[in-house]
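# Tertiary structure, described
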Amino acid sequence: MVCLGNICRSPMAEGILRHKLDQHDINAGVDSAGFEPFHKGDPPDRRSVEITRKYGIDISGTRSRLFNVSDFDHYDKIFVMDKRNYMDVMYEARNEDDKEKVDFLLNQINPKSKNEVPDPYYGGNEGFENVFRLINQACDRIIIDLRTSK
Ligand code: 4NP
């Protein structure tokens, strides 16, 4: 799961998907990363921690890290939150195999829509509610796909 700062959206996406994988007893690795080094090593934004906690998920232990080209080797899918993240990840892709791994997270809900999970950093709490709702829906679809492809 990739966003810009790796403190608001992608840590939520990582925590929500991991929670659902555990619930469905699916053995799959999930992680998150960003491209903006300003918050490197930081825990998630307090508002992301609070909203996910409200839904029974603890993301307080994650720390912001930068995307690394080796992530293409470690993961089958790279989900991005918005168009900027898409450009950033695609720029790092070494070949067609890498590029094929990259997709907008919300394409899981509406294929090929390229809809974005909006950056909630400078907004209020309602932005985080909206982000949670969108990511949660998308992760439900990921779980359905994984279960049907078993
Ligand atoms: P995120 O939000 O990409 O969802 O983690 C942001 C958080 C911090 C910054 C940008 C986006 N920042 O530039 O500090």
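Structure report, in brief. Along every chain, residues carry numbers that run from 1 in the direction the sequence is written. Thresholds applied to this predicted model are a pLDDT of at least 70 for local features of residues and 80 or more for the giving and counting of side-chain atom pairs; totals over whole chains, interfaces and linings are not thresholded and use all residues. The side-chain figures draw on all heavy atoms in the structure; neither hydrogens nor water molecules are used.

For each residue, the test is whether any non-hydrogen atom lies within 4 Å of the molecule or strand; if one does, the residue is near. What surrounds the ligand is the set Cys 3, Leu 4, Gly 5, Asn 6, Ile 7, Cys 8, Arg 9, Glu 36, His 39, Asp 119 and Tyr 121. Nitrogen and oxygen atoms within 3.5 Å of one another constitute a polar contact, given that in protein one can donate a hydrogen and the other can accept it, and given that sequence-neighbouring residues count only through two side-chain atoms. Here an oxygen atom of the ligand sits 2.9 Å away from a polar atom, N or O, in the main chain of Leu 4. A distance of 2.8 Å separates an oxygen atom of the ligand from a polar atom in the backbone of Gly 5. When isolated, the ligand has an accessible area of 350 Å², and the protein chains bury 92% of it. Grouping the constituent residues of the shell around the ligand by class yields 5 nonpolar, 3 polar and 3 charged. All accessibility values rest on the Shrake-Rupley procedure with a 1.4 Å probe; residue burial counts only the protein chains present in the view. Classes in brief: Ala, Val, Leu, Ile, Met, Phe, Trp, Tyr, Cys and Pro nonpolar; Asp, Glu, Lys and Arg charged; the others, Gly included, polar.

What follows covers the side chain of Ser 32. Its place among the elements puts Ser 32 in the loop between α1 (9-23) and α2 (46-54). For every residue, the accessible area (1.4 Å probe, protein chains only) is compared with the maximum for its type, and the residue is labelled buried under 20%, exposed over 50%, or partly exposed between those bounds. Classification of Ser 32 as buried rests on a relative accessible area of 5%. Of note is the side chain of Ser 32, whose polar atom sits 2.9 Å from the side chain of Asn 6. Among the polar contacts listed, one links the side chain of Ser 32 to the side chain of Glu 14, at a separation of 2.7 Å. Contacts are assigned to residue pairs that have any heavy atoms within 4.5 Å of one another. In this structure, Ser 32 is in contact with Met 1, Asn 6, Ser 10, Pro 11, Glu 14 and Arg 65, ignoring residues within four places of it in sequence. Only DSSP runs of H or I covering at least 4 residues are called helices, and only runs of E covering at least 2 are called strands; the numbering of each starts at the N terminus.

The next point concerns α2. Restricting attention to buried positions, one finds in α2 the residues Arg 47, Ser 48, Val 49, Ile 51 and Thr 52. Here the buried face of α2 lies against α1 and α6 (125-148). Put simply, Asp 45 is the residue that caps the front of α2, since its side-chain oxygen is 2.8 Å from the backbone nitrogen of Arg 47. Downstream of α2 by a residue or two, Gly 56 has a phi angle that is positive, lying close to 85 degrees.

It is worth spelling out unusual backbone geometry at this point. Phi angles above zero are rare outside glycine, and Asn 6 is one such case at about 55 degrees. Judged by relative accessible area, Asn 6 falls into the buried class, the value being 2%. The phi torsion at Lys 112 lies on the positive side, around 65 degrees, for a residue other than glycine.

By nonpolar core we mean a set of buried residues, namely Ala, Val, Leu, Ile, Met, Phe, Trp, Tyr and Cys, connected to one another through side-chain atoms within 4.5 Å. If you look at the biggest cluster of nonpolar residues, it comprises 29 residues, and the most contacted ones within it are Met 1, Met 12, Ile 16, Leu 17, Met 81, Leu 105 and Ile 135. In terms of residue count, the dominant contributor to this core is α6 (9 residues). Membership of the second largest hydrophobic core comes to 10 residues, among which are Val 2, Phe 67, Ile 78 and Val 89.

Attention shifts here to the packing of aromatic side chains. The rule is short: rings of Phe, Tyr and Trp, with Trp giving its six-membered ring, pair when the centres are within 6.5 Å, and they are stacked under 30 degrees, edge-to-face over 60, tilted in between. Tallying each qualifying case throughout the model produces 5 aromatic pairs. Their ring planes at 20 degrees and their centres at 5.4 Å tell us that Phe 35 and Phe 67 sit as a pair that is stacked. Pair noted here: Phe 35 is in the loop between α1 and α2 and Phe 67 is in the loop between α2 and α3 (71-74), with a separation of 32 residues, a long-range link. Where Tyr 86 meets Phe 104, the ring centres are 4.9 Å apart and the plane angle is 15 degrees; that geometry is what we call stacked. On the criterion of sequence distance, the pair formed by Tyr 86 in helix α4 (residues 83-92) and Phe 104 in strand β2 (residues 102-104) is long-range, its members being 18 residues apart. By way of ring pairs, the aromatic residues Phe 35, Phe 67 and Phe 72 are connected into one cluster.

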